[in-house]
Protein chains: 2
Amino acid sequence: MFDYKLLSALAAVVEQAGFDRAAQALGLSQSAISQRIKLLEARLGQPVLLRASPPQPTEVGRRLLNHVQQVRLLERDLQTQVPGMNASRLPERLRIALNADSLSTWWAPAVAPFCAEYGVVLDHVLEDQAVGLKRMRAGEVAACVCAVERPLAGARSEFLGAMRYRALASPTFIERHLSSGSIEDLLRAPAIVFGPDDQLQHRYLASLGLNGAFSHHLCPSSEGFVRLLQSNLGWGLVPELQVRAELASGALVDVAGGPPIDVPLYWHHWRNGGELLAELTRALGQSARQWLVV
Amino acid sequence: MFDYKLLSALAAVVEQAGFDRAAQALGLSQSAISQRIKLLEARLGQPVLLRASPPQPTEVGRRLLNHVQQVRLLERDLQTQVPGMNASRLPERLRIALNADSLSTWWAPAVAPFCAEYGVVLDHVLEDQAVGLKRMRAGEVAACVCAVERPLAGARSEFLGAMRYRALASPTFIERHLSSGSIEDLLRAPAIVFGPDDQLQHRYLASLGLNGAFSHHLCPSSEGFVRLLQSNLGWGLVPELQVRAELASGALVDVAGGPPIDVPLYWHHWRNGGELLAELTRALGQSARQWLVV
């Protein structure tokens, strides 16, 4: 069998984003962690980590992490049948990648009953909905919420529902930048874009026949995004779920007649991910549709 | 003089987090970008980028980026005196690192008048308040909001005010996990921690004389953090600014008698950062204290 002391050291360095924190998490010295990684690399004859800050797994490192993630989930099942196998008495952790807008809106109420029932704590890893799968491929997470339907080899995907996005701005912003009646004002007025992977504003403009560069703020925070809108700094696409109160009060209004954009969300999970992940999958399949458009 | 075509290619690869996006941003082919980076490395006799995903600057790459950032700010000043120097007519961008809790609360209203007056758009880069300076040291941002006072060489820091954090939970969570009257329940009840750099929960427990491991969810999203609290998933330290409504309605309440934690915030900016950065510094010095504790 593999030497899981070495693999746990690798997983800790990547999950804790550093050798010193990995050492703390495992209760080892930093040099013990370094030695384990070096031994692993000596056995494999190739590096498992790029010594960047934070350390990045190499291609082979990723495959090993992926394996560790799956073994952990299987161990958990065994523990329920054979209690006492694991010395640690901390509750079970599940590591999940999801988009910031889900974490800011429907995710917590949808998973709360599951976490309370099974005593599970969650490690959330944020990724744009377009690229969340890469965390799963990298073996860093047990499951992910993303907009891509096609599952990875060894995994399944299930449709959860769609988040509905509307192009919104404050009435003050519209008066300052979008009051001429010409739809091309939207290319000149500053937009707000979540990050380099966020194409929603581009898609909205394209749906109105507008193409080309547009000026924009970058704001990689869901709540910051709404704060920028409210402070008259730009227009942008926001989940309806997140701004119900602002829409009702008129603090935010639609910028133009374009239709909303529905972003489908899929739940990706390892097929051999064990009972805990299967339970979470069942729970989400029922609860997510209370908040999402199906 | 340096070859700024090569340096711009390096800056674009790091800022856009990839060769393909850098090519799009500069209107070049991806192979043109690769050639420029290779040429730069050939001239320097050492690598400027680790080819990770996303690409990471090496130590020498960081120094070059730092220089590019400062040259850009100086160019902007020159442009106001010698209009037409720059072919692009897109508005000025400032790249700023700050903590998620600032971006979720006071930042947008504090900078809105400055952005409107100078027609500036902002690139926000999120970093925990304890480590934001590393983005400045890396030359990736023009300024940063962080909890460290000591400025980098060539930069200044100014006290903006403090964010006040309170340890909160929902009444349902307190009834379920913290109703025995024993303060040690706090080590057993799940906490919520923003990320590996977030030590607020540890500090709060230490202030109550509690040390050692505690079970926790990880949630790297300010709004997600509050959603987890509201969904009875854990207790955690939250900026008072962010949950005024929840405190007023009783949806969130203090978990124990411990005092609030005030996290000081400093504004770090390059000393030769140009007029625009100086204006923003002046504006923030006046506006931030409307929201922060001084």
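Here the structure is a predicted model, which means the values were calculated and not measured.

1. With respect to the nonpolar core
Stage number 1. Ranked by size, the top nonpolar core spans 64 residues in total, and within it A:Leu94, A:Trp106, A:Trp107, A:Trp235, A:Val255, A:Trp267 and A:Leu284 carry the most contacts.
Stage number 2. At seven residues, helix 6 (residues 107-118) of chain A tops the list of elements feeding residues into this core.
Stage number 3. If we skip the residues at most four places from it in the chain, A:Leu284 touches A:Trp106, A:Trp107, A:Ala110, A:Val111, A:Leu160 and A:Trp267.
Stage number 4. Grouped together as the second largest cluster of nonpolar side chains are 63 residues, A:Phe194, B:Ala189, B:Leu200 and B:Val263 included.

2. Focus on the interface of chain B and chain A
Stage number 1. Counting residues at the interface gives 42 residues for chain B, matched by 43 residues for chain A.
Stage number 2. When chain B packs against chain A, the two sides together hide about 3500 Å² of surface, and 59% of this comes from carbon and sulfur.
Stage number 3. Three residues, B:His124, B:Leu218 and B:Glu223, lead the burial of chain B against chain A; their summed loss comes to 13% of the area buried on that side.
Stage number 4. On the surface where chain B and chain A come into contact, there are zero salt bridges.
Stage number 5. Listed by contribution, the elements that provide at least two residues to the side of chain B that touches chain A are helix 6 (107-118), strand 4 (121-126), strand 8 (216-218) and helix 11 (222-230) of chain B.
Stage number 6. Per element, the largest residue contribution to the side of chain B that touches chain A is six residues, and it comes from helix 6 of chain B.
Stage number 7. Its residues assigned to classes, the side of chain B that touches chain A comprises 22 nonpolar, 13 polar and seven charged.

3. A short note on the packing of aromatic side chains
Residues and elements named next belong to chain A.
Stage number 1. One pass over the full model with this rule turns up 10 aromatic pairs over all chains.
Stage number 2. Look at Phe159 and Tyr266: their rings are 5.5 Å apart centre to centre, the planes differ by 55°, and that puts the pair in the tilted class. With Phe159 in strand 6 (residues 155-169) and Tyr266 in strand 11 (residues 261-270), this residue pair connects regions lying 107 residues apart in the sequence.
Stage number 3. By relative accessible area, which is 12% here, Tyr266 ends up buried.

4. A few points about the environment of A:Asp20
Residue and element names in this part refer to chain A.
Stage number 1. Along the chain, the position of Asp20 falls in helix 2 (residues 19-26).
Stage number 2. Asp20 sits in the partly exposed class, given a relative accessible area of 42%.
Stage number 3. Expressed as a C-alpha distance, the spacing of Asp20 and Ala167, which sit 147 residues apart in the sequence, is 44 Å.

5. Thoughts on the relation of the copies chain B and chain A
Each of the two copies of the chain can be brought onto the other by a rotation about an axis and a shift along it.
Stage number 1. Least-squares fitting of chain B to chain A yields an RMSD of 0.1 Å, with the transformation described by 0.0 Å of translation along the axis and a rotation of 180°. The relationship between the two copies is best expressed as a two-fold rotation axis. Of every C-alpha in chain B, the one belonging to B:Glu223 sits nearest the axis of rotation, 3.0 Å from it.
Stage number 2. A symmetric contact is evident, with 100% of the interface residues of chain B recurring at the interface of chain A.

6. Observations regarding the side chain of B:His268
All names here are of chain B.
Stage number 1. With respect to the secondary-structure elements, His268 resides in strand 11 (residues 261-270).
Stage number 2. Overall, His268 belongs to the buried group, its relative accessible area being 0%.
Stage number 3. Separated by 2.6 Å, the side chain of His268 and the backbone oxygen of Val148 make a polar contact.
Stage number 4. Discounting residues that sit within four places of it in the chain, His268 has contacts with Leu133, Met136, Ala142, Ala143, Cys144, Cys146, Val148, Glu149, Arg150, Pro151, Arg156 and Ser157.

7. Points about the packing of helix 6 of chain B against helix 13 (residues 274-287) of chain B
All names here are of chain B.
Stage number 1. Axis separation between helix 6 and helix 13 bottoms out at 10 Å; the angle between their running directions is 140°. Relative to helix 13, the element helix 6 is oriented oblique. For the crossing formed where helix 6 meets helix 13, the hand is right-handed. Contact residues: Trp107, Ala110, Val111, Phe114 and Tyr118 in helix 6; Leu276, Glu279, Leu280, Ala283, Leu284 and Ser287 in helix 13.
Stage number 2. Here the residues of the contact of helix 6 with helix 13 sort into nine nonpolar, one polar and one charged.

8. What about the UniProt feature "domain: HTH lysR-type" (unreviewed entry) in chain A?
Stage number 1. Under the present numbering, the feature "domain: HTH lysR-type" (unreviewed entry) in UniProt falls on residues 2-58 of chain A.
Stage number 2. This span, residues 2-58 of chain A, is 61% helix and 7% strand, and a straight line between its end C-alpha atoms measures 18 Å.

About the cut-offs
- Residues numbered from 1 in each chain as written.
- Chains lettered and ligands numbered in written order.
- Predicted model: local features only at pLDDT ≥ 70, side-chain atom pairs only at ≥ 80, totals over all residues.
- Heavy atoms only, no water.
- Core = buried A, V, L, I, M, F, W, Y, C linked by side-chain atoms within 4.5 Å.
- Buried < 20%, exposed > 50% of the residue type's maximum accessible area, 1.4 Å probe, protein only.
- Helix = DSSP H or I, 4+ residues; strand = E, 2+ residues; numbered from the N terminus.
- Contact = heavy atoms within 4.5 Å.
- Buried area = accessible area lost by both parts, 1.4 Å probe.
- Salt bridge = Lys/Arg side-chain N within 4 Å of Asp/Glu carboxyl O.
- Nonpolar A, V, L, I, M, F, W, Y, C, P; charged D, E, K, R; others polar.
- Phe/Tyr/Trp six-rings, centres within 6.5 Å; stacked < 30°, edge-to-face > 60°.
- Least-squares fit on C-alpha atoms with pLDDT ≥ 70 in both.
- Polar contact = N/O pair within 3.5 Å; in protein donor to acceptor, adjacent residues only side chain to side chain.
- Axes fitted to C-alpha atoms, helices over the stretch in contact; angles between N-to-C directions.
- Parallel < 35°, antiparallel > 145°, perpendicular 65-115°, else oblique.
- Left-handed = near helix turned anticlockwise from the far one by under 90°.
- UniProt positions renumbered as here; feature names shortened; annotations may be inferred.

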